[in-house]
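Observations on the model geometry
If you want the building blocks of each chain, they are given just below.
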Amino acid sequence: MQDIDLLVSQFQDKNERAFEKLYNMYSKSMQGVIFNIVKDNDIAEEVMQDVFIKAWHKADSYNAGKGRFFTWILNISRNAAIDKTRSKGFKNSGKNLNSDFFVDILQSPDNLDNSTDTIGIKKFVTKLGKACKEVIELLYFKGFTQKEASEELDIPLGTIKTRNRNCIQELRNDLL
Amino acid sequence: MDINTYINSGILELYVAGVLSDSENREVYKMMKQHPEVLNEVLSIEAALVKLTAHVSPKDTKAFTTLAPKLSQNDSKVVTLTKPKTNWLSYTGWAASVLLAGGLIWSMNQNKALENEITTVNTSKDFLEIQIEDTKNTLNETKQLVDILRSNSVKKIPLTGQTAYPEAYANVYWDKSDDKLYLDLQGLPEPPKGKVYQVWSLTLNPLTPTSLGTVDDFVSNNSKFFTFTNANESEAFGITLEPAGGSASPTLEQLYTLGTVASL
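Residues numbered from 1 in each chain as written. Chains lettered and ligands numbered in written order. Predicted model: local features only at pLDDT ≥ 70, side-chain atom pairs only at ≥ 80, totals over all residues. Heavy atoms only, no water.

Right, let's get into the overall build of chain B. Each helix and strand in chain B was counted, giving six helices and eight strands. Walking chain B from its N terminus toward its C terminus, one meets helices and strands in the order α-α-α-α-α-α-β-β-β-β-β-β-β-β. Considering chain B as a whole, with its 264 residues, one finds that 34% of them fall into the buried category. If you take every contact in chain B between residues at least 6 apart in sequence, the share linking residues at least 24 apart comes to 58%. (Helix = DSSP H or I, 4+ residues; strand = E, 2+ residues; numbered from the N terminus. Buried < 20%, exposed > 50% of the residue type's maximum accessible area, 1.4 Å probe, protein only. Contact = heavy atoms within 4.5 Å.)

Here it is as structure tokens:
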């Protein structure tokens, strides 16, 4: 597991093999996060690729002391996706940006990923409590701060922290 | 601090979400370095989230090989740079053409104004040329007059006012060398309509008048200076007012001026 940190430092030295491994580890996740915002497969794919190209060119700006590589690229992805939804071309495309949560996307019949893994996740998500769905959506998919999430859900700041801990624990128990 | 309490606080989940402050991030980083169980917890949280988010994408990702060629080029940067450049160019283009059109209209107006000015200048030039011509003529006349006055062969005969018009006077300049007679009639009043002045050469013993001619352009001649020819051996000169066309012999009642030629 500590391989990740080594790969990240090699990536920062412009090692393309290391970057390929990071891409294989995180690209689908980023495409998922981006899709949750742009709601279009082709656009999500395009934005995700741009994100990784940008990450490669901006490798110097990543600082391990300030956070995880996953957190860094997750942040770039969300910002790129939000920028995309604000772009002229996107607005003119008449996309219906409904407020579906990641759980709705997972459960929608359009989701053609029918691997056993995904079927398992669908089952898990279905039984995941509303409170967990909301807090995970806001903190990881939408990039809300702890304070913004507490205001959005109208629950105390400290409750966000503990509720999130419990929800992620549940996630780990079922997915890992 | 108890490591388990630290882990159970939920700070690591927030660390992975990226919502902690810079100092909190540094603290977690330090804890991960010092305590393997903290690092493992973070990796586990991360793995669960990677798995969850990956399943949200309905579509598989493209292979890394489609991305690799774009890493060596600065593709994305070039694209973002060219777009505003084109915009800038087209805006500049439009601005330039507006300026050009404005400039054209301005210079057309300017041209029209200059043409008008040229016409005005030409007109006043013509006018000035006419004035110069007039002045030249006047100067020539004056020169001629001065020449006559200075000439040694010219004799001045003053004619004084007579009963018909006592205030009248005239001067005769007689150049015997070429029989020219110049009359300065400045001292005569304007003749009434239908009347003209007639100039007479006189011999005294016996009194014989000879007509030298009538002054037909008295009014229009500004200098009131007239030229006649006189080949007579005149002893005196007189000017009478006669009906237009002149008379065969002078009407003495209308004798305006008279003067005798002093001995030569």
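What follows is about the packing of helix α8 (residues 130–141) of chain A against helix α9 (residues 146–153) of chain A. Residue and element names in this part refer to chain A. Put simply, α8 and α9 touch, their axes get as near as 10 Å, and they point 140 degrees apart. The angle between the axes of α8 and α9 places the two elements in the oblique class. As for the relative orientation of α8 and α9, their crossing is right-handed in sense. Residues Glu134, Val135, Leu138 and Leu139 of α8 lie in contact with α9, whose contacting residues are Gln146, Ala149, Glu152 and Leu153. Grouping the constituent residues of the contact of α8 with α9 by class yields five nonpolar, one polar and two charged. (Axes fitted to C-alpha atoms, helices over the stretch in contact; angles between N-to-C directions. Parallel < 35°, antiparallel > 145°, perpendicular 65-115°, else oblique. Left-handed = near helix turned anticlockwise from the far one by under 90°. Nonpolar A, V, L, I, M, F, W, Y, C, P; charged D, E, K, R; others polar.)

With that out of the way, let us pick up the nonpolar core. A:Phe52, A:Phe69, A:Ile136, A:Leu139, A:Leu171, B:Leu12 and B:Leu52 are the most contacted members of the largest nonpolar core, which has 84 residues in total. At 11 residues, helix α2 (residues 16–38) of chain A tops the list of elements feeding residues into this core. With residues near it in sequence (within four places) discarded, A:Phe69 still touches A:Val8, A:Phe11, A:Leu22, A:Tyr26 and A:Tyr62. Membership of the second largest hydrophobic core comes to 22 residues, among which are B:Ile157, B:Trp174, B:Tyr197 and B:Leu212. (Core = buried A, V, L, I, M, F, W, Y, C linked by side-chain atoms within 4.5 Å.)

Bringing the packing of aromatic side chains into the picture now. For the structure shown, the criterion picks out 20 aromatic pairs over all chains. Their ring planes at 10 degrees and their centres at 5.5 Å tell us that B:Tyr165 and B:Tyr256 sit as a pair that is stacked. With a gap of 91 residues between them, B:Tyr165 in the loop between β1 (154–161) and β2 (169–175) and B:Tyr256 in strand β8 (residues 255–260) connect regions that are remote in the sequence. By the ring-pair criterion, three or more aromatic residues cluster together here, those being A:Phe11, A:Phe19, A:Tyr23, A:Tyr26, A:Phe52, A:Trp56, A:Tyr62, A:Phe69, A:Phe70, A:Trp72 and B:Phe64. Its guanidinium or amino end placed over the ring of A:Trp56, A:Lys14 lies 4.9 Å from that ring's centre, counting from NZ or CZ. Over the aromatic face of B:Phe218 sits the side chain of B:Lys224, whose NZ or CZ is 4.9 Å from the ring centroid. (Phe/Tyr/Trp six-rings, centres within 6.5 Å; stacked < 30°, edge-to-face > 60°. Lys NZ or Arg CZ within 6 Å of the ring centre and 35° of its normal.)

This part is about the interface of chain B and chain A. Across the boundary between the two partners, chain B contributes 50 residues, which contact 63 residues of chain A. A buried area of about 5300 Å², summed over both sides, lies between chain B and chain A, and 64% of it is on carbon and sulfur atoms. The interface formed by chain B and chain A holds eight salt bridges in total. In this assembly, chain B and chain A are joined by 21 residue pairs in polar contact (both at pLDDT 80 or more). (Buried area = accessible area lost by both parts, 1.4 Å probe. Salt bridge = Lys/Arg side-chain N within 4 Å of Asp/Glu carboxyl O. Polar contact = N/O pair within 3.5 Å; in protein donor to acceptor, adjacent residues only side chain to side chain.)

The next subject is a negative patch on the surface. Residue and element names in this part refer to chain B. Residues Asp126, Glu129, Glu133 and Asp134 make up a contiguous surface patch of negative charge. Residue placement: Asp134 occurs in helix α6 (residues 75–150). Looking at Asp134, the relative accessible area reads 44%, which means it is partly exposed. (Patch = residues over 30% accessible without salt bridge, like charges linked within 9 Å, V, L, I, M, F, W, Y side chains within 5 Å. Areas by Shrake-Rupley, 256 points an atom, 1.4 Å probe, with all protein chains shown as cover. Lys, Arg positive; Asp, Glu negative; His and termini not counted. Charge placed at Lys NZ, Arg CZ, Asp CG, Glu CD.)

Here the focus is the pattern of salt bridges. Inspection of the entire model under this criterion finds 14 salt bridges over all chains. The shortest N-O distance in the salt bridge between A:Lys130 and A:Glu134 comes to 2.8 Å. Of this pair, A:Lys130 and A:Glu134 both sit in helix α8, four residues apart, which is roughly one turn of the helix. With a closest N to O distance of 3.2 Å, B:Lys176 and B:Glu233 form a salt bridge. Residue B:Lys176 is found in the loop between β2 and β3 (180–184), and its partner B:Glu233 is found in the loop between β6 (225–229) and β7 (236–243); the two are separated by 57 residues along the sequence. We classify B:Lys176 as partly exposed; its relative accessible area is 32%. Shared partners join several salt bridges into a network, and the residues in it are A:Asp42, A:Glu45, B:Lys59 and B:Lys62.

Per-residue confidence for chain A averages 86 on the pLDDT scale, and 86% of its residues sit at or above 70. Across chain A, element-level confidence peaks in helix α4 (residues 69–86) of chain A with a mean pLDDT of 94 and bottoms out in helix α7 (residues 116–127) of chain A with 72. (pLDDT = per-residue confidence, 0-100.)

By definition, a disulfide is the covalent link that joins the sulfur atoms of two cysteine residues. Residue and element names in this part refer to chain A. Applying the stated criterion to the full structure yields one disulfide over all chains. Across the disulfide from Cys132 sits Cys167; the S-S distance is 1.9 Å. Given an S-S torsion of about -85 degrees, the disulfide between Cys132 and Cys167 has left-handed geometry. Residue Cys132 is found in helix α8, and its partner Cys167 is found in helix α10 (residues 157–175); the two are separated by 35 residues along the sequence. Look at Cys167 and you get buried, because its relative accessible area is 1%. (Disulfide = S-S within 2.5 Å.)

Turning our eyes to something else, we now look at the side chain of B:Asn25. Tracing the backbone through its elements, the reader meets B:Asn25 in helix α3 (residues 22–34). A distance of 3.1 Å separates a polar atom in the side chain of B:Asn25 from the backbone oxygen of A:Lys66. Excluding residues that lie within four positions of it along the chain, B:Asn25 makes contacts with A:Gly65, A:Lys66, B:Tyr15 and B:Leu20.

Residue and element names in this part refer to chain B. Take Leu20: it is sitting in the loop between α2 (11–17) and α3. Looking at Leu20, the relative accessible area reads 11%, which means it is buried. The contacts of Leu20, once residues within four sequence positions are left out, are Ile11, Leu14, Tyr15, Asn25 and Val28.

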